[in-house]
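# Observations on the three-dimensional arrangement
Chain by chain, the residues:
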Amino acid sequence: MSIMSINQTNFKKLEELNNEHVLKIVNWAIELCKPAKVTVLTDSEEDADYVRKLALKNGKETPLKTEGHTIHYDGYFDQARDKEHTKYLVSDVEGSGLGNEAILRDTGLKEMYSYLDGSMQGKEMLVLFYCLGPTNSKFSIPSLQITDSAYVAHSENILYRPGFEEFKRLNGSKDFFYFIHSAGRLDNGVTVDVDKRRIYIDLEKNRVFSVNNQYAGNSVGLKKLALRLAIQKAAQEDWLAEHMFVMGINNSGNQLTYFTGAFPSACGKTSTAMIPGGVIVGDDIAYLRIVDDQVRAVNVERGMFGIIEDVSNANDPVIYDALTKPGEVIFSNVLVNDGVPYWTGMGVEIPKTGYNYAGDWYEGKKGPDGKELPPSNKNSRYTLRIDELSNADPALEDPNGVPVSGFIYGGRDSDTSVPVAESLSWEQGVMIGACLESETTAATLGKQGVRKHNPMANSDFLAISLGTYIQNYLDFGKRLSNPPRVYATNYFLKKNGTGSYLNEILDKKVWIIWMEGRVNNKFDAIETPIGLIPKYEDLQQLFKEHMQREYTEAEYIEQFSIRVDKYLAKYARMDAIFSKYDDIPVEFINQLHSQKELLEKAKAKYGAVISPYEFL
Ligand code: SPV
Ligand code: MN
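To keep things clear, this report deals only with the structure shown in the data block. Note that the structure is predicted; figures quoted are calculated from it, not measured.

### Concerning the overall build of the chain
- Broken down by element type, the chain carries 17 helices and 35 strands.
- Taken over the C-alpha trace, the chain has a radius of gyration of 25 Å; the compact-globule value for 616 residues is 25 Å, and the two agree within 12%.
- Over its C-alpha atoms, taken along the principal directions, the chain stretches across nearly 80 × 55 × 50 Å.
- By the burial criterion, 59% of the 616 residues in the chain qualify as buried.
- Look at the contacts in the chain between residues 6 or more apart in sequence, and 73% of them connect residues 24 or more apart.
- About 24300 Å² of surface is accessible on the chain, with carbon and sulfur atoms providing 49% of the total.

Now the structure itself:
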């Protein structure tokens, strides 16, 4: 089959785009994947409905009781991103600076083509057009997705803006990303050959191939696969592509103050974006550019692919409401009983039987590894449009993005970092982001409490060397007369480092409001070696006003004392890590060393643990 054999209606749609590159790619994909049928989708509601129905017809999704809700299952062994088989195709493996994530381009392409060859036999190929970022915006990147999965297409219809009209605006140019995905051979709707799951990123041609998988983090081209391509593009064009939420809050009366935030997974990223009293622009990926000497950000997406575990009416009322009322929602890998979805931590009683990602389920059932199967997978998720949420910010669709006043970096750290601090400079801020670490939790395999280094929470997606990435960040700030403030947060401090948490879940609201006040010149701060920290009186008043709670001076001292020895140990770890790379900017290394010096000096003067009052 070739493009010549697709029917008139579909061919006409492609012709409308007036783009020979698109035609070539589609033709080539058809010849390689050999589908039985090809369908081209435009931005019309009719085409969106075609995809919804197709996902139901071919069993990729099943309707649930509530109107608009469906359930999708990924294979038992296909429940998360496959880091091991996600590789960059490069011509010079050694010189790429990408370590063992890079493989030789020719070798990778040969293997990929062998898996894609005939992968769509007997299946329908969907050709879809999207826009990464708001339409008609200089931030945005048109993207073409070719897939044989109606679930992937349906997810992307929810998560991204339609892009057929964007492709027309391209005027025949090849400045777009493209993604080719096949779920491969299926049994009962589930990928059979997961051992041949491969995700190959072709940095030379701004395209990604993904085969033999269904989990959205592997299959949905526009999410983390596009982020990798965007990181490379951003570094070439002097902007930033970040694994960041975008949110706004107004506590000073005039207008919203916006923050972007990067947190490794399971560190409170979505809940920070969803802080009560704030508005959400995005929860996962942002593009940031300098416009008129100001940083502006757009959400690359218009939907959320969020972790569902522990979403309850008590903890996340806004999301919980969207998940329980009629509206377009895809649930994945949760328990279903009688057409109703259930997940761990939802705050209602979970039935003892049903169907989940491992098939028929009953309480106590064991999985292939001999361990008891939970009702829902740890990484089970919901997919919905942000405008279904009552706190959605209409600025989501602003082609000029929103102005960013501060960047937030947050990790899971039981014994070192204070709950919130503002960096003394952009350069120190970049260092704080690049030194982000997070402790592993029971949620991930392996030992608990091990610190993992995750620069800017972006390390899984760095398509360029760490040194180039850091240099791009430093340069970004230098081009601004007033770079954004940078904040470090830590919601996970424990009593004496091992006991109970020192903060309550919602205390993060106070830290965000403090940041908003700092940006709007409402609060003074105390200068310490690790940055500017809040004054007790300000926090006491904020806790009273927003948490209806007395925040004691003893709590303050415990939380905001500078644990110098712990910080020094952290920076010793960082020294060891960064010295393994050969292209880390000298300016960055100097920053790291002067941070250590500041800490050593403070230690000599005040001791290993320093009360905030010493710095007053
Ligand atoms: C993440 O893991 O950071 C996600 C979900 O946002 S995934 O699509 O798997 O990347
Ligand atoms: Mn993410």
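### A look at the pairing of strand β12 (residues 198-202)
- Of all 5 residues that make up β12, 5 are buried, and the element is covered over most of its length.
- Side chains of β12 alternate between two faces, with R198, Y200 and D202 and I199 and I201 buried alike.
- In this structure, strand β4 (residues 86-90) lies alongside β12, joined through 4 bridges in parallel fashion. Across the sheet, residue L89 finds its bridge partner in β12, namely D202.

### What to know about the site of ligand 1
- Neighbouring residues of ligand 1: R81, Y215, G217, K223, K224, H243, D284, F305 and R381.
- Take R81: an N or O atom from its side chain is 2.8 Å from an oxygen atom of ligand 1.
- One of the side-chain N or O atoms of H243 is found 3.3 Å from an oxygen atom in ligand 1.
- If ligand 1 stood free it would expose 280 Å²; the protein chains cover 90% of that surface.
- Partitioned by chemical class, the residues of the shell around ligand 1 number 2 nonpolar, 2 polar and 5 charged.

### So, the packing of helix α11 (residues 426-434) against helix α12 (residues 466-478)
- Orientation of α11 relative to α12, taken along the N-to-C sense of each, is 150°, at an axis distance of 10 Å. Taken together, the axes of α11 and α12 lie roughly antiparallel to each other. In terms of crossing hand, the pair formed by α11 and α12 is right-handed. Facing W426, E427, V430 and A434 of α11, the residues of α12 in contact are I470, Y473, L474, F476, G477 and K478.
- For the contact of α11 with α12, the per-class residue count stands at 7 nonpolar, 1 polar and 2 charged.

### So, the coordination of the manganese ion (ligand 2)
- Coordination sphere of the manganese ion (ligand 2), protein contribution only: K224 (NZ), H243 (NE2) and D284 (OD), at 2.2 to 2.4 Å.
- When the donors of the manganese ion (ligand 2) are listed by position in the chain, the intervening gaps give K-x18-H-x40-D. Of this pair, H243 sits in the loop between β14 (240-242) and β15 (245-249) while D284 sits in the loop between β17 (278-282) and β18 (286-291), placing them 41 residues apart in sequence.
- A residue is classified by how much of its surface remains accessible, and D284, at 8% relative accessible area, is buried.

### A look at α11
- Most of α11 is tucked away, with 8 of its 9 residues classed as buried.
- Burial in α11 covers these residues: W426, Q428, G429, V430, M431, I432, G433 and A434.

How each quantity is defined
- Residues numbered from 1 in each chain as written.
- Chains lettered and ligands numbered in written order.
- Predicted model: local features only at pLDDT ≥ 70, side-chain atom pairs only at ≥ 80, totals over all residues.
- Heavy atoms only, no water.
- Helix = DSSP H or I, 4+ residues; strand = E, 2+ residues; numbered from the N terminus.
- Rg over C-alpha atoms; globule rule 2.2 N^0.38 Å.
- Buried < 20%, exposed > 50% of the residue type's maximum accessible area, 1.4 Å probe, protein only.
- Contact = heavy atoms within 4.5 Å.
- Areas by Shrake-Rupley, 256 points an atom, 1.4 Å probe, with all protein chains shown as cover.
- Pairing = 2+ DSSP bridges.
- Near = heavy atom within 4 Å.
- Polar contact = N/O pair within 3.5 Å; in protein donor to acceptor, adjacent residues only side chain to side chain.
- Nonpolar A, V, L, I, M, F, W, Y, C, P; charged D, E, K, R; others polar.
- Axes fitted to C-alpha atoms, helices over the stretch in contact; angles between N-to-C directions.
- Parallel < 35°, antiparallel > 145°, perpendicular 65-115°, else oblique.
- Left-handed = near helix turned anticlockwise from the far one by under 90°.
- Donors = N, O, S within 2.8 Å, 3.2 Å for Na, K, Ca; no water.

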